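# An overview of the molecular structure
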Amino acid sequence: MAKQNPNSAIVGLDIGTTTVRVVIAEMIDGELEIVGVGEAESKGLRKGVISKPDLTVESIRRAIEAAELMSGLHVDDVYVGLGGAHIKGQNSDGMIAIPGRHQEITRDDINRVIGAAKAVSIPQGREIAEVLPQEYKVDDQDGIEDPLGMISSRLSVSVHIVTSPVAAKQNVVSSVQRAGFNVAGVYLSGLAAAEAILSDEDREYGAAVVNIGGETTTLAIYQRGSVWHTSVFPVGGTHFTNDIAVGLRTPIPEAERIKREEGCAFRMLLTPEEAAELIEVPSVGGRAPRAVSRQILCDILEPRAEEILAHVQEEIKQAGFDRQLSSGIVLTGGGSLLNGIVEVAEQVFNAPVRIGAPGDFNGLIDEDMQPAYSAAIGLALYGLRCELGLVSGVASRQQQRRPPANPLKDKVKSFFGIKR
Ligand SMILES: Nc1ncnc2c1ncn2[C@@H]1O[C@H](COP(=O)(O)OP(=O)(O)OP(=O)(O)O)[C@@H](O)[C@H]1O
Ligand SMILES: [Mg+2]
């Protein structure tokens, strides 16, 4: 029988367009361990947004049940991700006067200046999903990470604000509740994925995380330890599958299988012999299968990969970060598993590119699938930060940017095999 009241269990739930993924982590002897994972085919979402909650509720239930079964734990509270093509990021500034002479900046002042930076006009039907402080300016001294206790008469802050349609979050929360679980916290799944795979150095020196999902691709740019740009594109791995289905006139499930098993998005990886090799492609409507060369499959995948990544590159350029990402581009998400995508990305970005995965799962997950679990793991890590009191409200979010030296965190890091 499943254990009740697992106070130490932390559950990350990533409701993706193609797959719902769950990670159950538990504090065991002071160390965080992943004790259960589960996934289920996702239904009722379009471009990362829940459109048919009845179907999504069932997918959530099945994914959590699978993780419960593996862990022997009973899940109540979950930390759930918010995604979707309608999510938008923008930067903003705020400034306040510190009353009195030679006053120390208090936690209250910090909350106040963040409140001032948040006071941007937001279109009707949207809400602020996240406010991420970037840096503070105390009088004329800029680049301050934490102004608490400094003497000043004027305090400024720059923040990254992420907004989302009000209904998107409501649908996520109500679907989780209807599935029978309590929402302990909501966090952007794109940021959760990035935070699960980036080292402190990556965040400091500059990195762009490109999370290629099923119908969305999320970009998050980090520098000097903070988030400077986020955006979501309505494209993802499903587009490759559809291109194969149309181009080779084969049913979608076959196209998906061919993509995963035989696909290559970078022509130069194939030797002439491999390029000429024939793949059997089932036809639609009961017709006989046909033989198609690997080269033809590559001719379908490569331009689509270039197109998707070129959109991302354009956005990085527009944001002014194209020559500033010393730690390069990190691809993650299920779509990053496409053979050859790193090589295409290196050409498009003209920068170092690698696949980012959260690391060792104690064998609970096939190593090849780990990048697809970045968001679910990141949500469990977010949950851990919440439960350590590092994320409650604006003040502790400040701490969250620069978590204090914490043996627990090191254990988490070493558990996940994160190289820092
Ligand atoms: N081995 C593989 N080779 C190529 N593509 C793969 C492979 N494994 C998974 N994918 C693709 O990854 C995509 C799904 O990725 P992921 O699970 O990260 O998306 P999601 O979270 O469900 O969707 P989204 O983030 O857009 O809401 C699918 O298009 C799938 O075909
Ligand atoms: Mg996803």
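It should be noted that the structure appears before, not after, this text.
Residues numbered from 1 in each chain as written. Chains lettered and ligands numbered in written order. Predicted model: local features only at pLDDT ≥ 70, side-chain atom pairs only at ≥ 80, totals over all residues. Heavy atoms only, no water.

### Focus: the overall build of the protein
Short version of the rule: Each helix corresponds to a stretch of at least 4 residues labelled H or I by DSSP, and each strand to a stretch of at least 2 residues labelled E; elements are numbered beginning at the N terminus. In this treatment the radius of gyration is a C-alpha quantity, and the globule benchmark scales as 2.2 Å times the residue count to the 0.38 power. Only protein chains enter the accessibility calculation, which uses a 1.4 Å probe; a residue whose area is less than 20% of its type maximum is buried, one above 50% is exposed, and one in between is partly exposed. Working rule for contacts: check all heavy atoms of both residues, and any pair within 4.5 Å makes them a contact.
Looking only at helices and strands, the protein features 13 helices and 20 strands. Here the C-alpha atoms of the protein give a radius of gyration of 22 Å, agreeing with the 22 Å that 2.2 N^0.38 yields for 420 residues. Projected onto the principal axes, the alpha-carbon positions of the protein cover approximately 85 × 55 × 45 Å. Within the span of the protein, comprising 420 residues, buried residues form 53% of the whole. Taking the intrachain contacts of the protein between residues at least 6 apart in sequence as the baseline, contacts between residues at least 24 apart amount to 66%.

### Overview of empty space enclosed by the protein
Inclusion rule: A cavity, in this analysis, means grid points on a 1 Å lattice covering only the protein atoms where a 1.4 Å probe fits yet has no way out; a pocket is instead an open set bounded by protein on both sides within 12 Å along at least five of seven lines, and a residue lines either one if it has an atom within 4 Å of a point. Grid points are joined across faces, edges and corners, and a volume is the space filled by probe spheres set on the points. Any residue that is not Ala, Val, Leu, Ile, Met, Phe, Trp, Tyr, Cys, Pro, Asp, Glu, Lys or Arg is counted as polar, Gly included; the first ten are nonpolar and the last four charged.
Taken as a whole and assessed by the stated rule, the structure comprises one cavity of 30 Å³ or more. Here the largest cavity is characterised by a volume of approximately 40 Å³. The residue makeup of the lining of the largest cavity, split by class, is six nonpolar, three polar and no charged.

### Focus on the site of ligand 1
Applied cut-off: Residues are labelled near a given molecule or strand when at least one of their non-hydrogen atoms is within 4 Å of it. Think of a polar contact as two N or O atoms within 3.5 Å of one another; within protein, one of them needs to be a possible hydrogen donor and the other a possible acceptor, and neighboring residues in sequence only count if both atoms come from side chains.
Every one of the 21 residues lining ligand 1 counts as a neighbour, but Thr 17, Thr 18, Arg 21, Glu 256 and Lys 259 are closest to it. Gly 214 places a polar main-chain atom, nitrogen or oxygen, 3.0 Å from an oxygen atom of ligand 1. For ligand 1, an oxygen atom lies 3.0 Å from a polar atom in the backbone of Glu 215. Of all elements in the fold, only strand E2 (19-28), helix H6 (237-247) and helix H7 (252-262) reach the threshold of two or more residues within the shell around ligand 1. Here the shell around ligand 1 takes three residues from H7, the largest share from any one element. Here the residues of the shell around ligand 1 are counted per class, giving three nonpolar, 13 polar and five charged.

### A short note on the pairing of strand E15 (residues 217-223)
Let me state the cut-off plainly: Here the rule is simple: two strands pair whenever DSSP picks up at least two bridges between them.
Extensive coverage of E15 is indicated by the burial of seven of its seven residues. Neither face of E15 is exposed, since Thr 217, Leu 219, Ile 221 and Gln 223 on one face and Thr 218, Ala 220 and Tyr 222 on the opposite face are all buried. Here six bridges tie strand E14 (residues 207-212) to E15, and the two strands are oriented antiparallel to one another. Counted as the bridge partner of Asn 211 is Thr 218 from E15. Two successive antiparallel strands, E14 and E15, enclose a turn made up of four residues. Across seven bridges, the pairing between E15 and strand E16 (residues 226-233) is antiparallel. Within E16, the residue paired with Ala 220 across the bridge is Thr 230. Taking the residues between adjacent antiparallel strands as the criterion, E15 and E16 are bridged by two residues, where Arg 224 takes a positive phi near 45°.

### Some words on the environment of Tyr 79
Note that Tyr 79 resides in strand E6 (residues 77-82). For the pair Tyr 79 and Pro 251, spaced 172 residues apart in sequence, the C-alpha to C-alpha distance is 36 Å. Sequence-distant contacts of Tyr 79, that is, excluding residues within four places in its chain, are made with Ile 10, Val 11, Gly 12, Leu 13, Ala 184, Gly 185, Leu 379, Tyr 382, Gly 383, Cys 386 and Glu 387.

### Some remarks on the pairing of strand E9 (residues 126-138)
Both E9 and strand E12 (residues 154-165) contribute to a ladder of 11 bridges, which runs antiparallel. Opposite Ile 128, over in E12, you have Thr 163 as the bridge partner. With two bridges connecting them, E9 and strand E10 (residues 141-144) associate as antiparallel partners. Its bridge partner being in E10, Tyr 136 is matched across the sheet by Ile 144.

### Observations concerning helix H4 (residues 189-197)
Most of H4 is tucked away, with nine of its nine residues classed as buried. Looking at H4, one finds that the buried residues are Ser 189, Gly 190, Leu 191, Ala 192, Ala 193, Ala 194, Glu 195, Ala 196 and Ile 197.

### What to know about the nonpolar core
Applicable threshold: In plain words, nonpolar cores are sets of buried Ala, Val, Leu, Ile, Met, Phe, Trp, Tyr and Cys residues tied together by side-chain atoms within 4.5 Å.
Leu 13, Ile 15, Ile 24 and Val 176 are the most contacted members of the largest nonpolar core, which totals 65 residues. When sequence neighbours within four positions are dropped, the list of residues in contact with Leu 13 reads Val 20, Arg 21, Val 22, Ile 60, Ile 64, Val 78, Tyr 79, Val 80, Gly 81, Val 176 and Leu 379. Among the nonpolar cores identified, the runner-up in size contains 38 residues, and Leu 301, Phe 321, Ile 329 and Phe 349 belong to it.

Nothing here speaks to function; it is all geometry.
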